[in-house]
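A look at the structure
If you want the building blocks of each chain, they are given just below.
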Amino acid sequence: MVNGVAKIHSELMQMYVFKDFATLWPEKFCNKTNGVTVRRWLHHCNPGLSGLISDAVGSCDWVLHTEKLTAIMDKINDSNYFLKWLSVKQANKTTLANYIFDQLGIKLNPELQLFDIQVKRIHEYKRQTLNIFSVIHRYLSILESSESEQAEMTPRAIIFGGKAAPGYYAAKKLIKLINNVSRVVNNDSTIGDLLKVVFIPNYNVSLAEMIIPAADINEQISTAGTEASGTSNMKFAFNSSLIIGTWDGANIEIGQAIGNENVFFFGAKADEVDNLRATASQRQIHPKLARVFKAIRSGLFGDPSEYECLIHPVENGDNY
């Protein structure tokens, strides 16, 4: 048998990679979507939320029989339970904020700021590049805003983590850009708590167990058709973090399970990506993105020549 690791991945394997074999022996192809265990990625890493769920379910045997989790839907209109849920999230955010301050000296405001998190292997298709360009755009927009406009903005802490392969030049430059944007933004007293940027070094499973329960929202923004499945999206979903995601990998099946209205989907779908790539040279760079590139090339975030490997591919083909 041949399987992909998410529904869309299995379909792409049959349409492109193994097209001839799938035509000859369609019965040999199936799907097995990746999974992660609630034992580790909820019960173990988020004891506050685990205990709250056990209170609703009536026991903790949901850890082994996850179908019992549906019992928490009975609490959907219980305001007291809702407040307890928020309290657990707040405690997890405070734990992460304390770690970041102790390790990096960056002071976050977990009571005020939305924690927007992207933690995963650093790669162009996972589009941390898109995220950091968005952060720069947000920073420039805050600087140009009036006090009344700033008062309407949601304060946000944008947190990155992940490792790059040893020989992956562009990925390493991306990490450097994130850290330099962090340095500039976090030392700009004019914006206060409206925006903070953090790159957590040496990302690993133990850190993930602290980071994931603290997320208000998480970024699952790979180019549609490039992420085989993804599993961090599942871990974040277990821990009551909302997904900002593309129509890719297991994001699609999570949306089907919890309702697409509960996922912030955006961007092209897999069957639209090839056409977008083919016509990339005919499109102008959007003025907002051009302004981001101008800020980088001005030297605001350090030697701009180091970041041409990130900008040039977008201006000349935009594969991702």
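Residues numbered from 1 in each chain as written. Predicted model: local features only at pLDDT ≥ 70, side-chain atom pairs only at ≥ 80, totals over all residues. Heavy atoms only, no water.

1. Quick look at the packing of helix 4 (residues 47-57) against helix 5 (residues 79-104)
Between helix 4 and helix 5, the least distance of the axes is 9 Å, while the angle of their chain directions is 160°. With respect to their mutual orientation, helix 4 and helix 5 come out roughly antiparallel. As helix 4 runs across helix 5, the sense of the crossing is left-handed. Residue-level contacts link G48, L49, L52, I53 and A56 of helix 4 to Y81, K84, W85 and V88 of helix 5. Taken together, the residues of the contact of helix 4 with helix 5 break down into seven nonpolar, one polar and one charged. (Axes fitted to C-alpha atoms, helices over the stretch in contact; angles between N-to-C directions. Helix = DSSP H or I, 4+ residues; strand = E, 2+ residues; numbered from the N terminus. Parallel < 35°, antiparallel > 145°, perpendicular 65-115°, else oblique. Left-handed = near helix turned anticlockwise from the far one by under 90°. Contact = heavy atoms within 4.5 Å. Nonpolar A, V, L, I, M, F, W, Y, C, P; charged D, E, K, R; others polar.)

2. A short note on the pattern of salt bridges
By the definition in use, this model includes twelve salt bridges. Note that R40 and E209 form a salt bridge whose closest N and O atoms lie 2.7 Å from each other. Of this pair, R40 sits in helix 3 (residues 38-44) while E209 sits in helix 9 (residues 205-211), and the two are 169 residues apart along the sequence. Overall, the relative accessible area of 15% leaves E209 in the buried class. Close ionic contact of D61 with K68 constitutes a salt bridge, the shortest N to O distance being 2.6 Å. Where salt bridges share partners, they join K173, K176 and E306 into one cluster. (Salt bridge = Lys/Arg side-chain N within 4 Å of Asp/Glu carboxyl O. Buried < 20%, exposed > 50% of the residue type's maximum accessible area, 1.4 Å probe, protein only.)

3. A look at the nonpolar core
Ranked by internal contacts, the top residues of the largest apolar core, which has 34 residues, are I132, F133, L177, V181, L195 and I296. Among the elements of the structure, helix 6 (128-144), strand 4 (156-161), helix 8 (169-186), strand 5 (195-200), helix 13 (287-297) and helix 14 (308-315) are those that each provide at least two residues to this core. Among the elements that line this core, the one with the most residues is helix 8, at nine residues. I132 has contacts with F160, L174, L177, I178 and V181, leaving out every residue within four places of it along the chain. By size, the runner-up hydrophobic cluster in this structure holds 23 residues, among which are A97, M210, A214 and A215. (Core = buried A, V, L, I, M, F, W, Y, C linked by side-chain atoms within 4.5 Å.)

4. Some remarks on the packing of aromatic side chains
Inspection of the entire model under this criterion finds five aromatic pairs. Between W247 and F265 the ring centres are 3.8 Å apart and the planes differ by 10°, which places this aromatic pair in the stacked class. Here F265 lies in strand 8 (residues 264-265) and W247 lies in the loop between strand 7 (242-245) and helix 11 (251-258), a separation of 18 residues in the sequence. Residue F265 is classed as buried on the basis of its relative accessible area, which comes to 17%. Positioned over the ring face of W247 is K269, at 4.5 Å from the centre of the ring. (Phe/Tyr/Trp six-rings, centres within 6.5 Å; stacked < 30°, edge-to-face > 60°. Lys NZ or Arg CZ within 6 Å of the ring centre and 35° of its normal.)

5. Examining the environment of V63
Turning to its location among the elements, V63 is positioned in the loop between helix 4 and helix 5. Assessed through its relative accessible area of 9%, V63 is described here as buried. Sequence separation of V63 and G167 is 104 residues, and the distance between their C-alpha atoms is 41 Å. Those residues in contact with V63, other than ones at most four positions away along the chain, are V38, R39 and H43.

6. Focus: helix 11
Among the residues making up helix 11, those that are buried are N251, I254 and G255. Looking straight down helix 11, one finds that the buried residues subtend no more than 100° of arc, so they occupy a single side. Of the exposed residues in helix 11, the ones pointing more than 90 degrees away from its buried face are Q256 and A257. In the segment just after helix 11, G259 is the residue with positive phi, at about 100°. (Arc of directions from axis to C-beta.)

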